[in-house]
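As a plain string of letters, each chain reads:
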Amino acid sequence: MNFLIGILEEELANSKRLADNYEKELNKLPKGNVSKKHINGHAYYYLQYKENNEVNSRYLGKLDKKHLKKYMDICKQKKEINANLNKVKKQIKVLNRLLNDKKIQSAA
Amino acid sequence: MIRKYNLLLKVLKKLDEHNLLDHLVLIGSWCLPFYSNYYEGIEISSTLRTRGVDFVFPLPSKIKEKLDVPKMMEEIGFIVDFSNSGIIRLMHPELFIDFIVPDRGKDLPSPYKMPNLSLNSPAIKASRYPCKQYNRN
């Protein structure tokens, strides 16, 4: 049983490290998401971000395809990182629960 | 487990695209499903399998081209992790990949730098075990 606990502890340490790495990656990327509004048949782009618990909106103008793609790629990247980070956080929760389980601890 | 296996197949495909599979050995518990597949009909007892996948680069390396292995793995969703000792590891919620070099004879520096692959690998002492020859007939 000690062998299994050792493996669980190692997996927990790995998941925590991975979560830290994902947080660092997210912090490197610009904040906010791009939203599109149609006004009088024209598309206008806004950057929406949270600051001091408030949602702010900054007008980006009529973006050309190149700049729009750049913002969309960043949004897509953030979405993927957040999805993976949530997965890892669930793993950490499960591993912590297993390691703190009294039956497993008493069997060790 | 199927997700992990499918991700490993993606890793192998990516390595194969850059002709690296000929220069690598998959070791550890993750090589067993492939042995089981290869030696069809021979039962290989299951072992405990964690998320760690180990690849060994035999030395001396015969890879002449300059390749960025961490970047290849980033393209399929892995993230690069640098340990305090400088060892590079590729991490994904489903799998962690370690590229290892065998430390035979004289002690190799660890991490062992492979600049043509953009890797810093741990050098691990390897033992040689006698292998049973499986008769496929």
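Please read all numbers here as calculations on a predicted model, not as lab measurements. Residue numbers restart at each chain and count upward from 1, following the sequence in its written direction. Numbering of ligands from 1 and lettering of chains from A proceed in the order in which they are written. Given that this is a predicted model, residues contribute local features only at a pLDDT of at least 70 and side-chain atom pairs are listed and counted only at 80 or more, while totals for whole chains, interfaces and linings are drawn from all residues. Computation of side-chain values covers all heavy atoms of the structure but excludes hydrogens and water.

Glancing now at the pattern of salt bridges. Whenever a carboxyl oxygen of Asp or Glu lies within 4 Å of a side-chain nitrogen of Lys or Arg, that contact is scored as a salt bridge. Applying the stated criterion to the full structure yields 10 salt bridges over all chains. The salt bridge involving Lys69(A) is made with Asp73(A); its shortest N-O contact spans 2.9 Å. On the criterion of helical spacing, the pair formed by Lys69(A) and Asp73(A) is a turn pair, its members being 4 residues apart in helix 2 (residues 65-99). One salt bridge connects Glu94(B) with Lys4(B), and the closest N-O pair in it is separated by 3.1 Å. Residue Glu94(B) is located in the loop between strand 4 (88-91) and strand 5 (96-102), and its partner Lys4(B) is located in helix 1 (residues 2-17); the two are separated by 90 residues in the primary sequence. Here the two residues Glu94(B) and Lys4(B) agree in accessibility, since each one is buried. Strands here mean DSSP runs of E at least two residues long; helices mean DSSP runs of H or I at least four residues long; both are numbered from the N terminus. Remark: exposure states derive from per-residue accessible area (1.4 Å probe, protein chains only) relative to the maximum for the residue type, with buried under 20%, exposed over 50%, and partly exposed in between.

Two residues form a contact once any of their heavy atoms are found within 4.5 Å. The interface of chain A with chain B comprises 16 residues on the first partner and 16 residues on the second. For the pair chain A and chain B, the two sides together bury roughly 1,300 Å², of which 54% comes from carbon and sulfur. Two parts placed together each lose some accessible area under a 1.4 Å probe, and adding up what both lose gives the buried area. The three residues of chain A that bury the most area against chain B are Glu11(A), Arg17(A) and Leu18(A), which together make up 36% of that side's buried surface. Seen at the junction of chain A and chain B, the total is 2 salt bridges. Ionic pairing is found between Arg51(B) and Glu11(A), a salt bridge with its closest N-O pair at 2.6 Å. Of all the secondary structure elements, the ones that give two or more residues to the side of chain A that touches chain B are helix 1 (2-28) and helix 2 of chain A. The biggest single contributor to the side of chain A that touches chain B is helix 1 of chain A, with 11 residues. Taken together, the residues of the side of chain A that touches chain B sort by class into 7 nonpolar, 5 polar and 4 charged. Ten residues, namely Ala, Val, Leu, Ile, Met, Phe, Trp, Tyr, Cys and Pro, are considered nonpolar, four, namely Asp, Glu, Lys and Arg, are considered charged, and the remaining ones, Gly among them, are considered polar.

These figures capture arrangement, not role.
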